[in-house]
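Structure at a glance
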Amino acid sequence: MSTSQPQVPSPDANGKAMSNGSAASAPAVAAEPPAKHKGPLELRRKQAAMPMSDQRLLDTRGADHFIHTDPWRVLRIQSEFVEGFGALAELGPAVSVFGSARTKPGTGYYDMGVQVGRHLAEAGVAVITGGGPGSMEAANRGAVEGNGVSVGLGIELPFEQGLNRWVDLGINFRYFFARKTMFVKYAQGFIVLPGGLGTLDELFEAMVLVQTRKVTSFPIVLLGVDFWSPMIEWIKGTLVAEGMVSAKDLDLIQLVDDPADAVHRVLHGIPRPPSTNGDQRPE
Ligand SMILES: C/C(=C\CNc1ncnc2c1ncn2[C@@H]1O[C@H](COP(=O)(O)O)[C@@H](O)[C@H]1O)CO
């Protein structure tokens, strides 16, 4: 007895009728899910559920989270460089002056800072400082008193501080490294007054940049023979003696007591020797 049934053609995934036979038993293929286009991306299923870029931008929910992410920080860092380069590009000749934030007005070190600022201004050279109190304020004050250009590159600190009142062109930075770039990029040299960790950090960074020839012809003058001599002696007696630095590296810095002399030396800087330590480091 025949058990055959009438044969009904089944549709394929595209809806076309398929011939009877083996294909009739193939599993049904689901309809192709719609694709979502997002810029160059073509997305389906779970991937297509991602919100659109515009939607993300305009939807303020969760914005507080986004500003604490690294991609956002990169933009903020970039903006510090853009603002800094833009504000300082036309500054003209300038010298960066460093020194303790704790130096008090009326002291010898404060007076030294004022004199440095004034001599630089009288030579037509802008004064760049960290914009804070102490020796920074002193150098900015000297620049103003000498009728020069007084620049302060402030840094965001855990406590509210603001730029000192002698800063005429001020920029506030969140990031030390962006600020440090400005100190070097827009100055022809450094004058360093007595100071603590911040001052040492700035001094040694400058020395490394000169030593590795990341910057060339960059005089560094230390003011205050009594203050700096023990550090120089330690560098000679320990670092040079133990071969940690080359004796030639000490040529990178000059040590004086007179603010006018410091300004003269930084402006007519002894040209750096062609090679300071024999290192051939890559760019
Ligand atoms: C400690 C006090 C204020 C700190 N305020 C600063 N503002 C701006 N720049 C600063 C500040 N502190 C350090 N710096 C930078 O480091 C150098 C001085 O640091 P030091 O440790 O005092 O030697 C200076 O050149 C700045 O660039 C209290 O008032």
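Since we're looking at a predicted model, the values are computed, not measured. (Residues numbered from 1 in each chain as written. Predicted model: local features only at pLDDT ≥ 70, side-chain atom pairs only at ≥ 80, totals over all residues. Heavy atoms only, no water.)

The next subject is the overall build of the protein chain. Along the backbone of the protein chain there are ten helices and nine strands. A total of 283 residues make up the protein chain; the buried ones form 36% of that total. (Helix = DSSP H or I, 4+ residues; strand = E, 2+ residues; numbered from the N terminus. Buried < 20%, exposed > 50% of the residue type's maximum accessible area, 1.4 Å probe, protein only.)

Right, let's talk about unusual backbone geometry for a bit. For Arg-213, which is not a glycine, the phi torsion comes out positive at approximately 60 degrees. Even without a glycine there, the phi angle at Ser-217 is positive, about 45 degrees. Turning to its location among the elements, Ser-217 is positioned in the loop between α8 (197-211) and β8 (220-223).

What follows covers helix α10 (residues 259-267). Looking at α10, one finds that the buried residues are Pro-259, Ala-262, Val-263 and Val-266. Here the buried residues of α10 occupy an arc of 95 degrees about the axis, which is enough to place them on one side. As for α10, its buried residues are in contact with β3 (94-98), α5 (108-122), β7 (190-192), β8 and β9 (253-256). (Arc of directions from axis to C-beta. Contact = heavy atoms within 4.5 Å.)

Attention now goes to the nonpolar core. Leu-153, Phe-190, Leu-203, Ile-220 and Leu-222 are the most contacted members of the largest nonpolar core, which totals 36 residues. Among the elements that make up this core, the one with the highest residue count is helix α9 (residues 225-240) (five residues). Dropping the residues within four chain positions of it, Leu-222 is found in contact with Val-192, Leu-203, Trp-228, Met-231, Ile-232, Ile-253, Gln-254, Leu-255 and Val-256. Counting 17 residues, the second largest nonpolar core, distinct from the first, contains Met-112, Val-125, Val-127 and Ala-262. (Core = buried A, V, L, I, M, F, W, Y, C linked by side-chain atoms within 4.5 Å.)

It is worth spelling out the pattern of salt bridges at this point. Scanning all chains against the criterion turns up seven salt bridges. The closest approach of N and O atoms between Glu-145 and Arg-141, which form a salt bridge, is 3.1 Å. Remark: Arg-141 and Glu-145 occur in helix α6 (residues 135-145); sequence separation between them is four residues, near one turn of the helix. Among the ionic pairs, Arg-265 bridges to Asp-261, the shortest N-O distance being 3.1 Å. Of this pair, Arg-265 and Asp-261 both sit in helix α10, separated by four residues, roughly a single helical turn. Look at Arg-265 and you get partly exposed, because its relative accessible area is 30%. Overlapping salt bridges bring together Arg-118, Arg-141 and Glu-145 as one network. (Salt bridge = Lys/Arg side-chain N within 4 Å of Asp/Glu carboxyl O.)

A few words now on the site of the ligand. Around the ligand, the surrounding shell holds 19 residues, and the nearest of these are Ala-101, Gln-161, Gly-196, Thr-199 and Glu-202. Between Gly-198 and the ligand, the recorded distance is 2.9 Å, taken from a backbone N or O atom to an oxygen atom. Across the complex, the protein chains shield 80% of the 600 Å² of accessible surface that the ligand would expose by itself. Among the elements that line the shell around the ligand, the one with the most residues is α8, at four residues. Classifying every residue of the shell around the ligand by side-chain character gives eight nonpolar, nine polar and two charged. (Near = heavy atom within 4 Å. Polar contact = N/O pair within 3.5 Å; in protein donor to acceptor, adjacent residues only side chain to side chain. Areas by Shrake-Rupley, 256 points an atom, 1.4 Å probe, with all protein chains shown as cover. Nonpolar A, V, L, I, M, F, W, Y, C, P; charged D, E, K, R; others polar.)

To continue, consider the side chain of Thr-103. Residue position: Thr-103 is located in the loop between β3 and α5. Residue Thr-103 is classed as buried on the basis of its relative accessible area, which comes to 9%. One polar contact links Thr-103 to Ser-135, side chain to side chain, over a distance of 3.1 Å. In contact with Thr-103, other than residues within four places in its own chain, are Tyr-109, Tyr-110, Gly-134 and Ser-135.

Regarding α6, the residues found buried are Ser-135, Met-136, Ala-138, Ala-139, Asn-140, Gly-142 and Ala-143. Looking one or two places after α6, you find Asn-147, whose phi comes out positive at around 60 degrees.

Moving on, we get to the pairing of β9. Where β8 meets β9, four bridges bridge the pair, whose relative direction is parallel. The partner of Leu-223 across the bridge, within β9, is Val-256. (Pairing = 2+ DSSP bridges.)

Within the element layout of this structure, Ser-100 appears in the loop between β3 and α5. Separated by 2.8 Å, the side chain of Ser-100 and the backbone nitrogen of Arg-102 make a polar contact. If near-sequence neighbours (up to four positions away) are discounted, Ser-100 is found in contact with Pro-133, Gly-134, Ser-135, Met-136, Pro-194, Gly-195 and Thr-199.

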